[in-house]
Amino acid sequence: MKFTIYPAIDMRGGKCVRLLQGDYEKETVYGDSPFEMAKKFADEGAKWIHMVDLDGARDGKRVNDQFVIQSAKELGVNIQIGGGIRSEDDINHYLENGVTRVIIGSIAVSNPEFAEEMVRRYGAKIAIGLDAKNGFVATHGWLNTSEVSAVELGKRFADAGAETFIFTDIATDGTLTGPNVEATRQLALETGKSVIASGGVSSLDDLGALRQLSEDGVSGAIVGKAIYEGRFSVKSALGLGGS
């Protein structure tokens, strides 16, 4: 399985930001234009860009979608978007405007029947976002923690036909302390599907450790703060053999 690097753009109030462990009160602004940041990543060779509408995740509706669609239409790269996607209309809004993959997160917990139907209908264009706090899935911009384990939910959606999962360990997100490699690997092995790691990547060594698990189903890594803080560049991450 090939390993893909996904530089991340988290959007809030029309700006590029990063939150510490999903805390909206612990925000750092890294740029005034999500589109310009996406263009920079594309110019550095990224084939995929991961975008998150933080306002949308919290408010339950699309808020920063114009930047996502502009990037999808103008940059010639694959865009995956999460945050605020609660309906089939939301999914179509993105897919019909050039977005490659839409991430379903909170609604996979609150309305799994609907989410399963979307997986059956749209196939590989849907990814299931599993954001876990102590192994249990958190929802609505990580403000709520459910009683469903990430592995349990992952298996359910794998059975429904989901091909791609994005696994975030909230404890490591935005901390630059290293990803939860073992939990990511476990999810890939338990579901038998492609899992993209998210949260905590701080070095090229972290990416290397994840890439070594590609045979187990770990198919990529989302990288945010490490790039913004200058730990390494998109170009050097891609140089590890990622795409």
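Fair warning: this is a prediction, and the values are worked out from it, not measured in the lab.

Participant: What should I look at first to understand the side chain of Asp55 in this one?
Facilitator: Assignment of secondary structure puts Asp55 in helix H2 (residues 54–59). Although buried, Asp55 forms no salt bridge, and the nearest oppositely charged side chain, Arg12, lies 4.1 Å from it. Among the polar contacts made by the side chain of Asp55, one reaches the side chain of Asn64 at a distance of 2.9 Å.

Participant: What exactly am I supposed to notice about the packing of aromatic side chains here?
Facilitator: Think of a pair of aromatic rings as described by two things: how far the centres are apart, and how the planes are tilted against each other in angle. A complete count under the given rule lists three aromatic pairs for this structure. Note on Tyr30 and Tyr228: the rings are 4.9 Å apart at their centroids and 20 degrees apart in plane angle, and the pair reads as stacked. Placement of Tyr30 in strand S3 (residues 23–31) and of Tyr228 in helix H10 (residues 225–228) is noted, with a sequence separation of 198 residues between them. Taking relative accessible area as the criterion, Tyr228 reaches 16% and is therefore assigned buried.

Participant: Is there a simple way to think about the UniProt feature "active site" (unreviewed entry) in the protein in this case?
Facilitator: Mapped onto this numbering, the UniProt entry annotates "active site" (unreviewed entry) at Asp10 and Asp131. Relative to the elements of secondary structure, Asp10 occurs in strand S1 (residues 4–12). Setting aside anything within four residues of it in sequence, one finds Asp10 in contact with Lys15, Cys16, Val17, Arg18, Val52 and Leu54. If you trace the backbone, Asp131 turns up in strand S7 (residues 126–133). We classify Asp131 as buried; its relative accessible area is 18%.

Participant: Looking at this structure, how should I read the pattern of salt bridges?
Facilitator: Side-chain pairing between opposite charges can occur once the charged atoms of the two side chains come close. Scanning all chains against the criterion turns up 19 salt bridges. Of the charged contacts, one joins Arg62 and Asp65 as a salt bridge, the two residues approaching to 3.6 Å between their closest N and O atoms. The exposure class of Arg62 is partly exposed, given its relative accessible area of 26%. Here the salt bridges do not stand alone but share partners, grouping Arg62, Asp65, Asp89 and Asp90 into one network.

Participant: Is there a simple way to explain the pairing of strand S2 (residues 15–20) in this structure?
Facilitator: A regular strand carries its side chains on alternate faces of the sheet. Bridging between S1 and S2 involves three bridges; their strand directions are antiparallel. Bridging from a neighbouring strand, Arg12 pairs with Lys15 of S2. Summarising the sheet, S2 and S3 pair through five bridges and their orientation is antiparallel. Within the sheet, the bridge partner assigned to Leu19 lies in S3 and is Glu27. As consecutive antiparallel partners, S2 and S3 are separated by two residues, and within that stretch Gln21 has a phi angle of approximately 50 degrees, a positive value.

Scoring rules and cut-offs
- Residues numbered from 1 in each chain as written.
- Predicted model: local features only at pLDDT ≥ 70, side-chain atom pairs only at ≥ 80, totals over all residues.
- Heavy atoms only, no water.
- Helix = DSSP H or I, 4+ residues; strand = E, 2+ residues; numbered from the N terminus.
- Buried < 20%, exposed > 50% of the residue type's maximum accessible area, 1.4 Å probe, protein only.
- Lys, Arg positive; Asp, Glu negative; His and termini not counted.
- Salt bridge = Lys/Arg side-chain N within 4 Å of Asp/Glu carboxyl O.
- Polar contact = N/O pair within 3.5 Å; in protein donor to acceptor, adjacent residues only side chain to side chain.
- Phe/Tyr/Trp six-rings, centres within 6.5 Å; stacked < 30°, edge-to-face > 60°.
- UniProt positions renumbered as here; feature names shortened; annotations may be inferred.
- Contact = heavy atoms within 4.5 Å.
- Pairing = 2+ DSSP bridges.

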